[in-house]
Amino acid sequence: MPWFDRFDEITGFPDMEILREEPMEKHTTFRIGGPVRRLVRPASAGQCAALLAVAEKEGWPVLVLGNGSNLLAADEGLDLLAVSTGRLEGLERTGEKTVRAGAGVSLARLASFAQREGLSGLEFAHGIPGSLGGGVYMNAGAYGGEMRQALSAVTAWFPGEGIRRLAVEELELGYRRSIFSGGRGVVLEAELLLEPGDRKAIRSRMEELGCRRREKQPLEYPSAGSTFKRPEGHFAGTLIEQCGLKGRRVGGAQVSEKHAGFVINTGGATCADVLALIRCIQETVYDQTGVRLEPEVKTVP
C-alpha cells in the first residue's frame, strides 16, 4: 500500500488542513514545482509535533515547509508529505525585552510587531521573505544582522526525542546553518530577546533597508533570494558579474541583470532550467576564478 494511502487511513487530527496533489509552485517563492502527494497544515505546535511523530513511526518521507523562500522543488512533483508550519502563527510580547512567536510567523510580520512594541533588533529581518522557522533553520541574515543576535531560545521537535527547548547557545548557529541543518529537527516556536528602542527610529531603519533592497534586488521577479552562499573573501554576485554571466539564461531562468547573485524566474522557468543555470554559473566561476560557489537554495528532488 502506498504511504499516502496509509496516511489517509491513519491521520485523524481535528482542524488539520490536508491538500492532495497540491502544486508546489503555489508554496515556493520561485513559483516552481510539480504536485506534492500530500501537503498538511497542522493547527498548532502540539499537533505538528504529534504528526511528525506519526510520520517518524510510519517511515513516511517528510518535507517541512515554511514560506518556501529558499526552496526549489522538482518539476515532476514530490512523492512525500509536506508539513507546512504556516498556521503556527502565535505572536506575543512576554516581557520588557522578550517576544514569543510561532514558527509560521513571517519575518516581516515579526519585525513589524517588534517595531510597534518599541523593540529593536529585528530591523534587518523585515525584508527577508521567509518564516521564523526557516530563519532559525538557516540563521537568516542581511545587512549585518543575523537571527542568532535576536534569539534567546527555541522549542523544537526532534526525531526519537520529541519536543525540546534549547537555549541559543545550543543551536550551533553559524553562517546559514544551525543544529537543524540537514533535517535534524523542526522548529515549532522561538523566544527572542530584543532591546527597547524608539519606534520612529526603528521604522526609519526598516524603511532605509527596504529602499536598499528595492534598488539593488530583483524583487519584481520570483526567486529564492541569494542563490549562492557568500564564499570566503568574496561576494558571489561580484564574481558572477566579473565572469560575464549577468543576464545569462537557460529557458525561463536568468541571472538577474539587476543583481548577479540572484537567479530569477522570468516566466515559465522549470526546476531543470534553474539547476542547469546554477551548474553553468558554478563551472564558469570556478574555471575563471578558482572559487567554488555553494548554492544557498535547497533543492528537493
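Placed above this text is the structure.
Residues numbered from 1 in each chain as written. Predicted model: local features only at pLDDT ≥ 70, side-chain atom pairs only at ≥ 80, totals over all residues. Heavy atoms only, no water.

**Student:** Help me out: how do you make sense of the layout of surface pockets in this one?
**Tutor:** Empty space among the atoms can be located by rolling a probe the size of a water molecule over them. Of the volumes computed, that of the second largest pocket is approximately 210 Å³. Along the walls of the second largest pocket sit 15 residues, with R41, G66, N67, G86 and G104 positioned nearest its centre. Residue composition of the lining of the second largest pocket, by class: three nonpolar, nine polar and three charged. (1 Å grid on protein atoms, 1.4 Å probe; cavity = no way out; pocket = protein on both sides within 12 Å on 5 of 7 lines; lining within 4 Å. Points joined across faces, edges and corners; volume = space filled by probe spheres on them. Nonpolar A, V, L, I, M, F, W, Y, C, P; charged D, E, K, R; others polar.)

**Student:** Help me understand the nonpolar core, please; the structure alone is not making it clear to me.
**Tutor:** If you look at soluble globular proteins, the nonpolar side chains tend to sit buried side by side. By size, the foremost hydrophobic cluster in this structure holds 55 residues, and its most contacted members are L110, L122, L151, V154, L171, F180 and L192. Aside from chain neighbours lying at most four places away, what touches F180 is V136, Y137, V154, A156, F158, L171, G185, V186 and V187. Counting 24 residues, the second-largest nonpolar core is a separate cluster that includes I32, L72, I240 and A260. (Core = buried A, V, L, I, M, F, W, Y, C linked by side-chain atoms within 4.5 Å. Buried < 20%, exposed > 50% of the residue type's maximum accessible area, 1.4 Å probe, protein only. Contact = heavy atoms within 4.5 Å.)

**Student:** For this particular structure, what's the right way to read the pattern of salt bridges?
**Tutor:** When the charged atoms of two side chains with opposite charge come close together, those side chains can pair. By the definition in use, this model includes 22 salt bridges. In this structure, E220 and K258 form a salt bridge, with 3.8 Å as the shortest nitrogen-oxygen distance. Of the two residues, E220 is situated in the loop between α5 (199-216) and α6 (236-242) and K258 in the loop between β16 (253-255) and β17 (263-265); the sequence distance between them amounts to 38 residues. Assessed through its relative accessible area of 36%, K258 is described here as partly exposed. Salt bridges sharing common partners tie together R6, E9 and E58. (Salt bridge = Lys/Arg side-chain N within 4 Å of Asp/Glu carboxyl O. Helix = DSSP H or I, 4+ residues; strand = E, 2+ residues; numbered from the N terminus.)

**Student:** How do you make sense of the sheet that holds strand β15 (residues 249-250) when you look at a structure like this?
**Tutor:** Strand pairing in a sheet relies on backbone hydrogen bonds, with the paired strands running either antiparallel or parallel. On the basis of which strands lie adjacent, the open sheet formed by three strands has the order β15-β16-β17 and antiparallel pairing. In the strand order of this sheet, the two ends are held by β15 and β17, each with one partner. As defined by bridge partners, β15 adjoins β16 across two bridges and the pair is classed as antiparallel. Along β16, the bridge assignment pairs R249 with Q254. (Pairing = 2+ DSSP bridges.)

**Student:** What should I look at first to understand the pairing of strand β2 (residues 35-41) in this one?
**Tutor:** Two faces, one strand: in a regular strand the side chains alternate between the faces of the sheet. Note that strand β1 (residues 17-23) and β2 share six bridges and pair antiparallel. Each bridged residue has a counterpart across the sheet, and for E17 the counterpart in β2 is R41. Strand direction decides the pairing type here: β2 and strand β5 (residues 78-84), joined by four bridges, are parallel. Note that in β5 the partner of V40 across the bridge is V83.

**Student:** Just to check I follow, could you spell out the sheet that holds β5 for this structure?
**Tutor:** Strand order in the open sheet formed by four strands is β1-β2-β5-β3, and the pairing between neighbours is mixed. With one partner strand each, in any of the chains shown, β1 and β3 (62-65) form the two edges of the open sheet. Each strand axis lies, on average, 25 degrees off the axis of its neighbour in the sheet, ignoring direction. With respect to the sheet, helix α1 (residues 3-10) is in contact with β1, β2 and β5, its orientation differing from that of β2 by roughly 25 degrees. (Axes fitted to C-alpha atoms, helices over the stretch in contact; angles between N-to-C directions.)

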